[in-house]
Amino acid sequence: MASHIGLKKSLIGNSSLCALSLGAAAAWVALAPSAAAQSQSQEESRIGEIVVTAQFRAQALQETPIAITAITAEQIEQRGFTEAAELGYTVPNASFRPAQAAFGNTMTAFIRGIGQNDFDFAFEPGVAIYLDDMYHPFTLGSQIQLMDLERVEVLRGPQGTLFGRGAIGGAIRYISKKPQGDDTGSISATVGEFDRIDLRASYDFAIADNVAARITGAANTREGFQDVIDFTCAAPGLSGALPRQPVNQAIGCKVGTQGGSDYYGTRGILSWQADPSLNFTFSADYQKEISEPKADAIVAINAGAGAAYGGSVFNPPPAPQLPPYDARFIPPNPFVTYATYSDPRSGLSMKPENEFESVSATARADWEITDAVAAAFIFAYADIRSTLVTDADGSPLNVQTVNGVQNINYYTAEARLSGRIADRVDWTLGGFYYNGESVNDQIVSIPFLSFVVDGVPFTDPSRPFVNAHNSHENENKSVFVHTVWDITEQLSLTAGARYSEDEKLVDFNNTRVRNPNVVVQGESTDWRIGLDYQVSDDFLVYGSIATGYRPGSYNPRPFQWTQVAAVEAESSKAYELGVKADWFGGRLRTNLAGFYTDWETRIIPVGGTECIVINQPPGPPVYLNPVAPGTPGAVTDSLGNTCLTTTSRTFYQNSPGEVQGFEAELTWEPVDGLVFSGVYGRIKWDSPDIQGNATVVSDRPVYVPEQNWAVSASYTIEMESGASLTPRLDLYGQTEICTGTIFTTTANRQASCSAAYELLNARIEWRSPEDKWSLAVGATNLADETYFLNKFDLTAFGQPTAEGQPGAPREWYVTLGRRF
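Described in the following lines is the structure provided in the data block. Keep in mind that this is a model prediction, so the values were computed, not measured.

### Brief notes about the state of the cysteines
Applying the stated criterion across every chain yields a total of three disulfides. Bonded cysteines in the protein chain are paired 1-2, 3-4, 5-6 when counted in the order they occur along the chain.

Encoded structure:
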């Protein structure tokens with residue numbers, strides 16, 4: 001793997017990435033006329049054209065002057081993708097992955113270094129998510145099943161002058177297959193490793209001459225790939241007074257698994273052509289998943305902090321002595337955990353089960369007012385309930401255990417008016433409204449930390465937890481305009497603008513922070529301007545400048561009232577230059593883009609510790625046991641206060657950043673049936689909180705790899721019977737990502753960063769004549785590489801744990817499908 005990374009570094013060197021892309025574009029423009037002439041002399045493009053609606057008009061992907069990756073339904077099937085995060089493997093400079101174990105059904109999505117990893121309602125996704133016409137306002141619930149989709153469009157860079165709600169980093173649009181009323185359908189069944197069973201079916205039918213419907217269903221189940229091992233059985237000599245469980249050592253002391261799930265969902269879409277100029281579309285979606293906690297392994301333990309767990313507060317004499325929390329609880333490999341979701345001192349116990357349930361509905365009206373003017377009206381509603389549980393210490397001790405319930409409901413309304421003037425100007429004028437309410441109820445048990453309730457230190461071992469009930473209201477109003485001017489037949493100017501108003505209200509009510517409301521308000525005017533030039537039918541050059549905005553926020557996890565605070569909004573300005581070209585009669589397709597983003601204000605988390613506050617506002621904080629520096633047992637917190645006892649400190653602040661990068665997407669069909677494809681992305685990051693801090697080792701923000709790449713090869717063999725056989729290989733890779741940026745030792749870096757990795761998938765598929773039957777056999781992670789999707793280091797907050805979410809080991813699967 002190191003050789004691959006070294007090769008990529010040598011190709012890029014240390015030169016400016018934007019300069020490289022500009023030079024490449026200039027060279028390609030010079031070559032374009034001869035290439036176009038060759039294209040025109042050969043047969044029509046062989047690489048299939050993809051039609052996208054990213055600009056809300058049907059356009060060929062190669063004629064759309066923005067950086068966009070389109071993944072079709074066929075590509076999703078051929079790659080064996082089933083969940084949203086897997087799509088990121090095919091997008092340059094994208095990092096999509098399941099969130100860490102404590103965040104439930106959440107996908108962390110980053111594009112060009114901008115995204116959001118926290119599931120909490122306080123933060124809007126940096127990458128906006130749209131399920132057909134419905135905006136999804138949080139990252140919670142974004143790790144969706146890829147069910148009956150026509151395609152997925154991933155837009156890179158700021159979005160907002162065309163549709164929906166503005167986004168600072170990019171957008172993901174999931175586009176379902178629409179009803180045709182043609183009495184067609186499909187059904188498939190998959191079996192695989194870890195007792196995997198997947199069932200999927202869809203049916204498209206006509207209700208009347210002008211009414212069509214499509215119904216889709218999916219269900220799957222699988223066991224987890226991480227073993228839950230009873231520690232007292234596996235290591236009785238290290239277990240101290242931990243309660244023994246009746247486990248047979250002969251079967252490996254296994255008491256369960258993590259990472260398994262049971263899912264089912266359905267979607268119905270109805271299309272009614274009321275008259276030739278008016279169409280109504282109604283859709284409803286239901287999804288439910290009951291799952292084990294995500295696979296989660298302890299990768300490091302701060303023994304100094306963990307030793308306090310065995311102190312007199314939690315082991316008062318003459319109570320039986322529990323073992324200290326130290327390296328004995330680090331498992332032998334990432335596929336083992338000792339988590340029990342219980343507290344041996346208090347009897348607190350949580351059921352190791354997560355649940356996610358969502359109900360949503362949309363209604364859309366499309367009205368062709370005249371031949372040149374059309375209107376669209378969209379209404380959507382969603383109700384989501386999620387429960388999640390995590391045992392962050394991965395041990396029979398209760399160092400940190402959390403159980404939470406999130407209830408969300410929201411609705412959106414959007415109106416768009418669009419048209420064309422004098423066969424020269426396409427225009428869109430629209431408005432968007434969003435209103436949402438959410439409640440987060442949690443039991444948080446961290447007996448290792450000191451809390452204060454009503455001015456008294458809270459260290460009761462019989463009740464080592466606090467309750468939280470935080471409610472959140474959110475509203476967005478915005479208007480936008482977008483125009484495309486055809487200056488000549490080849491040259492077009494794009495200009496657009498958006499005005500947004502946002503308001504958030506949060507009410508904290510828990511045993512640490514009681515009823516201080518936080519109101520966050522803001523407004524922003526953003527714009528986009530671009531030029532594109534169609535050098536030939538097969539060669540497009542484009543450039544743009546766009547601003548982006550993400551509303552202000554607040555600290556969603558204050559450990560005491562001094563940490564309740566709002567944080568200012570984010571803003572950015574992005575520059576982009578791109579080239580899209582087809583060569584050699586459509587045998588080769590190359591799309592390149594270079595970009596530079598000035599992230600003028602960005603929200604970043606700040607971890608640390610703070611002396612215990614024993615009073616409530618108003619007034620300045622009064623600390624518990626303040627002492628002079630140098631006093632025996634004294635500690636200095638992150639704010640410079642000196643005391644005898646601290647708690648965790650969470651905080652957020654604004655800091656600028658700059659990111660520049662290069663992206664390439666390639667498809668090559670040298671002969672009929674043989675297809676090679678690849679993507680490559682690289683970014684360079686600069687910000688004072690990282691490059692300007694001597695204690696920071698990482699050179700990028702969290703969840704952002706310096707490079708990502710994918711290479712695929714497939715060959716379709718046509719048989720005399722009319723059947724076909726297609727073997728396929730896919731290689732996906734990325735460099736290191738970190739989930740914490742402050743490192744003082746190599747060990748801390750290893751606890752916070754996930755090493756670079758490459759995954760090799762293989763598949764061979766047989767299709768019958770006329771594609772009625774299909775049979776595929778495949779394997780994921782064929783080399784059985786051990787890797788981490790993410791890591792979550794809590795040592796910066798004075799806690800002893802660092803945990804990581806391992807990726808799945810090698811798995812096989814067999815899929816049988818029938819189309820009718």
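### Some points on the pairing of strand β17 (residues 278–291)
For strand β16 (residues 261–275) and β17, the ladder comprises 14 bridges, and the chain directions are antiparallel. Residue pairing in the sheet places Gln 273 in a bridge with Asn 279 of β17. Here β16 folds back onto β17 in antiparallel fashion, the turn holding two residues.

### Observations concerning the sheet that holds strand β5 (residues 107–111)
With antiparallel pairing, three strands are arranged side by side in an open sheet as β4-β5-β6. The open sheet has two edge strands with one neighbour each: β4 (94–98) and β6 (114–116). Adjacent strand axes in the sheet meet at a mean angle of 10° when their direction is disregarded. Pairing between β5 and β6: three bridges, direction antiparallel. Of the residues in β6, the one forming a bridge with Ile 111 is Ile 114.

### What about the pairing of strand β14 (residues 226–229)?
For β14 and strand β15 (residues 254–258), the ladder comprises four bridges, and the chain directions are antiparallel. Looking at β15, one finds that Asp 227 is bridged to Thr 257.

### Observations regarding the side chain of Asp 118
Among the structural elements, Asp 118 can be located in the loop between β6 and β7 (127–131). Of the polar contacts made by the side chain of Asp 118, one reaches the backbone nitrogen of Asp 120; its length is 3.0 Å. In terms of polar contacts, Asp 118 uses its side chain to reach the side chain of Arg 557, at 2.6 Å. Apart from the residues lying within four places of it in its own chain, the contact partners of Asp 118 are Phe 103, Phe 123, Thr 139, Pro 556, Arg 557 and Tyr 652.

Conventions and cut-offs
- Residues numbered from 1 in each chain as written.
- Predicted model: local features only at pLDDT ≥ 70, side-chain atom pairs only at ≥ 80, totals over all residues.
- Heavy atoms only, no water.
- Disulfide = S-S within 2.5 Å.
- Pairing = 2+ DSSP bridges.
- Helix = DSSP H or I, 4+ residues; strand = E, 2+ residues; numbered from the N terminus.
- Axes fitted to C-alpha atoms, helices over the stretch in contact; angles between N-to-C directions.
- Polar contact = N/O pair within 3.5 Å; in protein donor to acceptor, adjacent residues only side chain to side chain.
- Contact = heavy atoms within 4.5 Å.

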